[in-house]
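Report on the structure
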Amino acid sequence: MLLLPLTQVPNTEYQYQVVGSSTVQRLRSGVEPDPEHSFTFLAFGDMGDAVHTAAKSPGAADTLLRLEQEVDAEQNPASLILHIGDISYANGDPEIWDSFMDGIQPVASRVPYMVAIGNHEYGYRKGSGAMVDPSGAAGPYQPSWGNFGADSRGECGVMTARRFHMPQHPEQDAVHQPALNTPIAADAGAGSSAVAGVDASGRLRAMAPFWYSFDHGSVHFTVISTENDLTPGSRQYAWLQEDLAAVDRCATPWLVVLLHRPLYVVYPHKSNREVGAHLRASIEDLLQQHRVDLTVSGHVHSYYRTCPVYDEKCIFGYDEDAEDGGDYFFHGSSSIRKPAASGLANDAGSSSSSS
């Protein structure tokens, strides 16, 4: 369901009723930019479906229960949910997707439920050559150094793009869903975006749900796809560079980046560490340049968080006016240094293997 008026009236409670249902639902829209607005958000990745993929997702049922408790809390209830990739583990099965959507309905029907793309939504081996996937790529992103495979079992991002209509930054087009609305032509480079062009304000278009951004209260959230090319010169990198540079820190003093694969991996996962090193080589300087406060990731099914870190070094005695070391890197949960927002540590994974 896509309710366009919600993009026009922020922080408003709507009542709605789905055709064929007797239940009246209540949904509160997102909060407009406000540097003084404090709120609670929930962040996690790799949850999966509690019914059909319980073996892969043993924490899913408990996570769903906890989400409801936090949204229903009498004090500081959660007003935003962030699911950072590896969403349902449906492997192309629409029945599993339907079950997953039923599972999140008690919370997603009431507060914004934002998603990022993970390897289990996107990863595939070979494109057709005649078509592009919903991210605008003519083929999968498979760098020689990465553990990128056919983890979506043929979904190629299609099922996620059809189910989750992510909003755009207010200065971008109100709705831009290239998989649904915009004819796109194949690009010669596999894994790179084939869609060129700018929005009405002259900025590069986002490619939701792969990369996009939004404001919520005191925070600007930037969502990027580690399953697509992020190297300098790629369209996603150009969009990220432009998005970060355009953030008004007076309106949204917090800047948070969400990405499925973590830049730092503290566990002895050789392949994931190698991917993290290449991601850092691509974007860490950019994140530092624009003073990103926090990154939140999934993928590795264990919770950890870091000190303020830059270039693999903790920056102790951090001064917010200093030039170095502004980022926290969190995996599996969220936390913020200033009192403007708070997060819930809620790891949906249970194993220490990659996903």
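Residues numbered from 1 in each chain as written. Predicted model: local features only at pLDDT ≥ 70, side-chain atom pairs only at ≥ 80, totals over all residues. Heavy atoms only, no water.

**Comments concerning the confidence of the model for the protein**
- With 77% of its residues at a pLDDT of 70 or more, the protein shows a mean pLDDT of 81.
- Confidence, expressed as mean pLDDT per element, reaches its minimum in the protein at helix 5 (residues 178-181) with 36 and its maximum at strand 7 (residues 219-223) with 97.
- Note that residues 169-196 has pLDDT below 50 and, in this model, 78 contacts with residues that lie over four places away or in other chains.
- When the criterion is pLDDT under 50, residues 332-355 qualifies, and its contacts beyond four places in sequence or with other chains add up to 90 contacts. (pLDDT = per-residue confidence, 0-100. Helix = DSSP H or I, 4+ residues; strand = E, 2+ residues; numbered from the N terminus. Contact = heavy atoms within 4.5 Å.)

**A word on the packing of helix 6 (residues 235-245) against helix 7 (residues 270-289)**
- Running from N to C, helix 6 and helix 7 point in directions that differ by 10°, and their axes come no closer than 10 Å. Judged on the interaxial angle alone, helix 7 and helix 6 are roughly parallel. Touching Tyr237, Leu240, Gln241 and Leu244 of helix 6 are Ser282, Ile283, Leu286 and Leu287, all from helix 7. (Axes fitted to C-alpha atoms, helices over the stretch in contact; angles between N-to-C directions. Parallel < 35°, antiparallel > 145°, perpendicular 65-115°, else oblique.)

**Let's talk about the pattern of salt bridges**
- In this structure the tally under the stated criterion is nine salt bridges.
- Ionic pairing is found between Asp72 and Arg110, a salt bridge with its closest N-O pair at 2.5 Å. In this pair, Asp72 is assigned in the loop between helix 1 (60-71) and strand 4 (78-84) and Arg110 in the loop between helix 2 (94-108) and strand 5 (113-116), connecting sequence segments 38 residues apart.
- Judged by relative accessible area, Asp72 falls into the partly exposed class, the value being 43%.
- Arg110 gets classed as partly exposed once you look at its relative accessible area, which sits at 26%. (Salt bridge = Lys/Arg side-chain N within 4 Å of Asp/Glu carboxyl O. Buried < 20%, exposed > 50% of the residue type's maximum accessible area, 1.4 Å probe, protein only.)

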